[in-house]
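# Coordinates in review
One letter stands for each residue in the lines below.
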Amino acid sequence: MGQPGRKDRVGRPTDPAGRPPGGKDPAGRVRRLGTPLGILAAVTGAFAYVGTVDPNEPGHYPVCPLLKLTGVFCPGCGGLRSAHAFITGDLGAAFSANAIATAGYFLFAAVWVLWLVRAWRGKPLRMALAPAWWWGVGAVLLVFTVVRNLPFGSALAP
């Protein structure tokens, strides 16, 4: 099995990889789409929960430990309020609660669509970022954190 001119167990011809000729492998396509669709289901469930249970009402979610101990906003502070505003369609409130998180929702959506398209075509999603990019992301998060905790950056505070 898996050799040119060979047949699978049912007697159908296969290509060298053991797939039906012409690249039509419906079972393989379903398998390839399973992970991106599963991730979408998990994210949709999380957003549905946050959209239903309002984080603006006290007692529903734990307080950020860094904020509780030091009074300093971390890069994630306001993320749940941002997600709630985003899911209810208030993009202004989402951006003012946590600008980085709101930008991350759009970035996630773009990467997810790319992943789904590549999975549909049978190609893997390979996104290797050079260390300089990771350092850049870290620097942006650090600057965002520092600025949102200073008086002139209060617009970035949740």
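Scroll up for the structure.
A brief report on the enclosed structure follows. Predicted model, so just to flag it, every value in this text is computed and none were measured. (Residues numbered from 1 in each chain as written. Predicted model: local features only at pLDDT ≥ 70, side-chain atom pairs only at ≥ 80, totals over all residues. Heavy atoms only, no water.)

Moving on, we get to a nonpolar patch on the surface. On the surface, L129, W133, W134, V137 and L141 cluster together into a nonpolar patch covering about 540 Å² of accessible area. Mapping V137 onto the fold places it in helix α6 (residues 131-148). (Patch = residues over 30% accessible without salt bridge, like charges linked within 9 Å, V, L, I, M, F, W, Y side chains within 5 Å. Areas by Shrake-Rupley, 256 points an atom, 1.4 Å probe, with all protein chains shown as cover. Salt bridge = Lys/Arg side-chain N within 4 Å of Asp/Glu carboxyl O. Helix = DSSP H or I, 4+ residues; strand = E, 2+ residues; numbered from the N terminus.)

What follows deals with the nonpolar core. Counting 5 residues, the largest nonpolar core consists of F47, V50, A83, A101 and Y105. For this core, the secondary structure elements donating two or more residues are α1 (26-52) and α5 (99-120). Setting aside residues no more than four positions away along its own chain, Y105 makes contact with F47, G79, S82, A83 and F86. (Core = buried A, V, L, I, M, F, W, Y, C linked by side-chain atoms within 4.5 Å. Buried < 20%, exposed > 50% of the residue type's maximum accessible area, 1.4 Å probe, protein only. Contact = heavy atoms within 4.5 Å.)

Once that is clear, we can look at the packing of aromatic side chains. As enumerated under the stated definition, the model contains 5 aromatic pairs in all. Arranged with centres 6.2 Å apart and planes meeting at 85°, the rings of Y49 and Y61 form a pair that is edge-to-face. In this pair, Y49 is assigned in helix α1 and Y61 in the loop between α1 and α2 (65-70), connecting sequence segments 12 residues apart. Judged by relative accessible area, which is 48%, Y49 ranks as partly exposed. (Phe/Tyr/Trp six-rings, centres within 6.5 Å; stacked < 30°, edge-to-face > 60°.)

Turning next to the side chain of T102. Summarising the element assignment, T102 is placed in helix α5. Polar contacts involving the side chain of T102 include one to the main-chain carbonyl oxygen of A94, which spans 2.9 Å. Here T102 is in contact with S82, F86, A94 and F95, once residues within four sequence places are set aside. (Polar contact = N/O pair within 3.5 Å; in protein donor to acceptor, adjacent residues only side chain to side chain.)

Distances and angles like these do not, on their own, reveal function.
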